Amino acid sequence: MSYLEAKVPPIRELRRPETALAHGEFRCGGGPKKAVCAIMAQADRDFTQGSICPLLPALGIMTSLPQTVVLLHGAVGCGSCAVGNNVNVRAGNAARGRADLDALWLSTALNEDNVIFGGGEKLASALIEADAIYQPKVILAVSGCLPGVIGDDIDNVAAETQPKVKAKILPIHCEGFKSRFMATAYDVIYHALGRNLLPLESGPKDKNAINVMNVGSMGLADEKELARLLGELGLKANFFPVFASPDSFALATRARASISVCPTHDDYFLSHLWEKYGVPAIIRHMPIGIKNTSLWLTHLGEELNMAAQAQDLADKEEAKLNAALAPYKEFFAGKTAFVSAGEYRSLATGLLLRELGFKLLGIRSFHFDGFAEVELAKLDQGEEFIFNVANVQPFEEANLLARLRPDIFLGHWHGNSTAARLGIPAQVIYNSGYAYIGYQGAFDLARRLKRRLTNPAFYKRVGRFAKLPYRAEWYAADPFSHIRAQEAESPLTAQTQKANFAEARP
Ligand code: SF4
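Reading guide: rules and limits
- Residues numbered from 1 in each chain as written.
- Predicted model: local features only at pLDDT ≥ 70, side-chain atom pairs only at ≥ 80, totals over all residues.
- Near = placed C-beta within 6 Å.
- Nonpolar A, V, L, I, M, F, W, Y, C, P; charged D, E, K, R; others polar.
- Pairing = 2+ DSSP bridges.
- Helix = DSSP H or I, 4+ residues; strand = E, 2+ residues; numbered from the N terminus.
- Right-handed = clockwise from strand over helix to strand, strands pointing away.
- Axes fitted to C-alpha atoms, helices over the stretch in contact; angles between N-to-C directions.
- Contact = placed C-beta atoms within 7 Å.
- Core = buried A, V, L, I, M, F, W, Y, C linked by C-beta atoms within 7 Å.
- Buried ≥ 20, exposed ≤ 12 C-beta atoms within 10 Å, placed from the backbone.
- Domains from an automatic or database assignment.
- Expected span 1.5 Å × (residues − 1).
- Arc of directions from axis to C-beta.

**So, the site of the ligand**
Inference 1: Neighbouring the ligand are the residues C53, L55, G74, A75, C78, G79, G144, C145, E175, G176 and F177.
Inference 2: By residue class, the composition of the shell around the ligand is six nonpolar, four polar and one charged.

Put into structure tokens, the structure is as follows:
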């Protein structure tokens with residue numbers, strides 16, 4: 001049975017049971033205990049601090065959808081990160097020349113009375129009001145923790161209210177307490193979109209169209225780069241879902257193939273397109289860095305019987321880029337780096353940093369699943385680095401950074417602020433206004449890193465005057481001393497083949 005036949009998708013812990021929550025110091029590279037064998041499945045911490053609720057990445061995707069109202073059914077503070085995320089929505093819409101810049105994010109703001117008597121009526125009247133005021137094409141009725149705890153049936157409310165509104169109502173189950181893996185957010189969104197926005201039957205195939213799922217952390221510059229590369233092969237990219245209109249989902253069912261940009265983000269939806277509509281999917285590489293972008297292209301070429309053209313294109317792009325990067329590599333040689341981000345982006349960035357000449361000291365990944373084993377193996381080049389799976393946990397990050405003191409830290413805003421307060425120069429890893437993906441992205445990142453390292457004065461000054469809240473005893477302690485795990489044989493090896501759907505699926 002397809003997952004999409006169920007009302008609610010399974011959480012990542014159940015769908016990908018090899019997913020690792022945390023593990024201790026794991027030195028990758030240079031020995032038999034490399035890569036998968038040191039993973040402790042389902043490890044946990046006896047102290048946690050500041051982790052990510054799946055609503056955060058979910059809202060990043062949902063609020064980018066045009067003509068869509070996101071109606072959060074929960075307490076008023078639930079998902080309030082959407083307010084800050086509106087910067088990205090405005091920038092993304094402006095870059096695409098759209099008149100409606102802002103995200104439409106509303107909340108039912110459940111209170112104590114609703115907790116006791118139920119919030120269904122409030123949700124129904126909010127749906128009707130949102131439809132009348134904003135006249136959207138779609139309303140996403142998103143359940144946070146509270147309705148999940150008190151038992152509000154958002155599917156039933158949506159079904160009963162649907163005849164009274166013009167917009168299509170999509171119930172989305174994103175109760176934060178159900179999963180500790182932010183990647184659950186992707187499945188939750190694509191479950192709702194797949195159940196409601198795809199046609200019953202696919203139309204005639206478009207032989208040039210290639211589905212490319214864009215992730216929330218990609219900008220328009222990244223889409224242009226991938227469209228450019230596909231265009232060189234005579235192919236046309238169909239980008240969705242971020243900033244894509246609901247109609248692009250119908251086109252996705254008629255494409256010649258799908259290629260993933262981030263396997264852990266894309267597999268749920270692309271697998272469904274394959275199983276139901278016969279659109280083959282390549283789910284393996286993230287086109288960040290030189291080697292990875294070439295692998296991304298050549299795997300697509302092989303799938304489409306265009307292997308020679310794709311290889312030729314990759315060779316030419318690599319030669320051009322390597323010539324342009326030569327002075328940068330000289331500058332970066334021997335400098336040290338530390339990366340903290342989502343699973344695939346962090347690992348692919350680690351490889352890119354090595355390609356640029358950096359010595360990689362460590363990677364922190366928000367989660368780890370079987371897909372990323374492929375990416376981790378690419379980093380097994382004999383040079384050790386620390387690989388720490390952590391759903392944020394800033395105290396661990398502070399301890400690690402204070403010990404390792406890399407020349408540059410690449411991370412999200414929270415990690416960057418930790419690094420800065422230790423006086424370590426930081427480069428934002430996620431800014432959808434910058435290019436990051438493809439050959440162009442590799443060059444742009446090199447330029448930004450050189451600028452950051454040439455003048456680190458701001459970070460040195462922040463480090464002098466702004467301090468982190470941890471005591472000296474914590475910096476002296478083992479950074480992984482709060483991790484409690486049973487050492488277990490990793491089940492990842494069995495999952496390796498599944499990571500490549502091109503091989504494992506029909
Ligand atoms: S879904 Fe739950 S954990 Fe997430 S923001 Fe809302 S209340 Fe917090």
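**Things to note about the pairing of strand 9 (residues 255-259)**
Inference 1: Sheet topology note: the strand 7 (residues 206-214)/strand 9 ladder contains four bridges and is parallel. Counted as the bridge partner of V212 is I259 from strand 9.
Inference 2: Between strand 9 and its parallel partner strand 10 (residues 281-282), the chain crosses via helix 11 (residues 263-277), and the hand of that crossover is right-handed.

**Some words on the sheet that holds strand 6 (residues 168-173)**
Inference 1: In spatial order, the strands read 4-3-5-6; together these four strands make up an open sheet with parallel pairing. Whereas interior strands pair on both sides, the edge strands pair on one side only; in this sheet they are strand 4 (104-107) and strand 6. Each strand axis lies, on average, 20° off the axis of its neighbour in the sheet, ignoring direction.
Inference 2: Of the strand pairs in this sheet, strand 3 (residues 68-73) and strand 5 (residues 138-143) are connected by six bridges, and their pairing is parallel. Pairing of V70 across the sheet is with L140, part of strand 5.
Inference 3: The strands touched by helix 5 (residues 120-134) are strand 3, strand 4, strand 5 and strand 6; relative to strand 3, the strand with the most contacts, the crossing angle is about 160°.

**Describing the nonpolar core**
Inference 1: Within the largest apolar cluster, 136 residues are counted, with the highest numbers of intra-cluster contacts made by V70, L71, I139, L140, A141 and I189.
Inference 2: Element by element, the count of residues in this core is highest for helix 8 (residues 184-196), at seven residues.
Inference 3: Residues lining this core come from more than one domain, with at least three contributed by each of domain 1 (54-196) and domain 2 (322-484).

**Some points on the environment of P394**
Inference 1: Secondary-structure assignment places P394 in helix 16 (residues 394-404).
Inference 2: Spatially, the C-alpha atom of P394 lies 12 Å from that of H412, the residues being 18 residues apart in sequence.

**Let's talk about the sheet that holds strand 7**
Inference 1: Strand order in the open sheet made by the four strands is 8-7-9-10, with parallel pairing throughout. In this open sheet, the two edge strands, each paired with only one partner strand, are strand 8 (236-241) and strand 10.

**Details of unusual backbone geometry**
Inference 1: Note that the residue after F240, namely P241, is joined by a cis bond; omega there is 5°.
Inference 2: Positionally, P241 belongs in strand 8.
Inference 3: Positive phi, close to 75°, is recorded for V392, a residue that is not glycine.
Inference 4: Mapped onto the elements, V392 comes out in the loop between strand 13 (385-389) and helix 16.
Inference 5: When the 19 C-beta atoms within 10 Å are taken as the criterion, V392 is described as partly exposed.

**Focus: the pairing of strand 8**
Inference 1: Counting buried residues along strand 8, five of its six residues qualify, which places the element largely inside the surrounding structure.
Inference 2: In terms of strand pairing, strand 7 meets strand 8 through six bridges, oriented parallel. When the sheet's bridge partners are listed, V212 is paired in strand 8 with F239.

**Focus: helix 9 (residues 220-232)**
Inference 1: Along its 13 residues, helix 9 runs 18 Å from first to last C-alpha, staying within 8% of the 18 Å computed at 1.5 Å per residue.
Inference 2: Taken residue by residue, helix 9 has D222, E223, E225, L226, L229 and L230 as its buried positions. Here the buried residues of helix 9 occupy an arc of 160° about the axis, which is enough to place them on one side.
Inference 3: Elements that come into contact with the buried residues of helix 9 comprise strand 7, strand 8, helix 12 (290-303) and helix 18 (438-454).
Inference 4: Looking one or two residues beyond helix 9, the residue adopting positive phi is G234, at roughly 75°.

**So, the domain arrangement of the protein**
Inference 1: Along its sequence, the protein is carved into domain 1 (54-196) and domain 2 (322-484).
Inference 2: Inter-centroid distance (C-alpha atoms) of domain 1 to domain 2 is 33 Å.
Inference 3: Its residues assigned to classes, the side of domain 1 that touches domain 2 comprises four nonpolar, two polar and one charged.

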